[in-house]
Amino acid sequence: MCTIDLATTLDDLAHAIAQDGAEAHHAQLAFLAEEARGDAPAAAAVLADPLAPDVVRQRAFGLVHGVLVRQERSGRSLATAARRVAELYRLAA
């Protein structure tokens with residue numbers, strides 16, 4: 001079992017985005033946008049748009065964050081959540 005869950009990883013990323021700006025985390029945001037595209041297409045599009053203002057991308061991140069956590073808690077497999085956590089850490093490296 002993964003000791004770091006998706007919600008914690010997304011919370012950590014939220015703080016990093018607030019500190020560094022969205023563009024500093026573009027690869028992670030693009031990954032999350034793709035993961036959420038089916039359930040939140042507008043928020044995913046804004047999140048992945050490097051030309052959107054930081055404040056708008058931060059708001060989109062909040063929406064995507066909620067979508068992904070709800071997916072996990074509504075019965076999506078732990079493997080999906082673990083894969084997302086692993087990919088976010090890989091992209092941050």
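Residues numbered from 1 in each chain as written. Predicted model: local features only at pLDDT ≥ 70, side-chain atom pairs only at ≥ 80, totals over all residues. Heavy atoms only, no water.

Here we come to the overall build of the protein. A count of helices and strands for the protein gives five helices and zero strands. The order of helices and strands in the protein, counted from the N terminus, is α-α-α-α-α. Its C-alpha atoms give the protein a radius of gyration of 12 Å, within 12% of the compact-globule value 12 Å for 93 residues. If one aligns the C-alpha atoms of the protein with their principal axes, the spans along those axes are about 35 × 25 × 15 Å. (Helix = DSSP H or I, 4+ residues; strand = E, 2+ residues; numbered from the N terminus. Rg over C-alpha atoms; globule rule 2.2 N^0.38 Å.)

With that settled, consider the pattern of salt bridges. Evaluation of the coordinates by the stated rule reveals five salt bridges. Among the ionic pairs, Glu-34 bridges to Arg-37, the shortest N-O distance being 3.2 Å. On the basis of relative accessibility, which here comes to 33%, the residue Arg-37 falls in the partly exposed class. Residue Glu-35 is joined to Arg-84 by a salt bridge in which the shortest nitrogen-to-oxygen separation is 2.7 Å. With Glu-35 in helix α2 (residues 26-36) and Arg-84 in helix α5 (residues 78-92), this pair connects stretches of sequence that are 49 residues apart. Judged by relative accessible area, which is 19%, Glu-35 ranks as buried. By relative accessible area, Arg-84 is classed as buried at 3%. (Salt bridge = Lys/Arg side-chain N within 4 Å of Asp/Glu carboxyl O. Buried < 20%, exposed > 50% of the residue type's maximum accessible area, 1.4 Å probe, protein only.)

Helix α4 (residues 54-73) packs onto helix α1 (residues 6-20) with a crossing angle of 175° between their chain directions and a minimal axis gap of 10 Å. Accordingly, the angle class assigned to the pair α1 and α4 is roughly antiparallel. In this structure, α1 uses Leu-6, Ala-7, Leu-10, Asp-11, Leu-13, Ala-14, Ile-17 and Ala-18 to contact α4, whose residues at the interface are Gln-58, Phe-61, His-65, Leu-68, Val-69, Glu-72 and Arg-73. Along the lines of polarity and charge, the residues of the contact of α1 with α4 split into 10 nonpolar, two polar and three charged. (Axes fitted to C-alpha atoms, helices over the stretch in contact; angles between N-to-C directions. Parallel < 35°, antiparallel > 145°, perpendicular 65-115°, else oblique. Contact = heavy atoms within 4.5 Å. Nonpolar A, V, L, I, M, F, W, Y, C, P; charged D, E, K, R; others polar.)

On to the nonpolar core, then. For soluble globular proteins, nonpolar side chains are generally found buried alongside one another. Counting residues in each nonpolar core, the largest one holds 24 residues, and the members touching the most others are Leu-10, Leu-32, Leu-47 and Phe-61. At six residues, α4 tops the list of elements feeding residues into this core. Once residues lying within four places of it in the same chain are set aside, the contact partners of Leu-32 are Leu-10, Leu-13, Leu-47, Phe-61, Val-64, Leu-68 and Leu-88. (Core = buried A, V, L, I, M, F, W, Y, C linked by side-chain atoms within 4.5 Å.)

As a further point, take helix α3 (residues 41-48). When we look at burial in α3, the residues that qualify are Ala-43, Ala-44 and Leu-47. Around the axis of α3, the buried residues are gathered within 100° of arc, so they sit on the same side. For α3, the elements touching its buried residues are α2 and α4. (Arc of directions from axis to C-beta.)

Time to look at the environment of Arg-84. Taking C-alpha positions, Arg-84 is 17 Å from Leu-63, a pair spaced 21 residues apart along the chain. A polar side-chain atom of Arg-84 sits 2.7 Å from a polar atom in the side chain of Glu-35. (Polar contact = N/O pair within 3.5 Å; in protein donor to acceptor, adjacent residues only side chain to side chain.)

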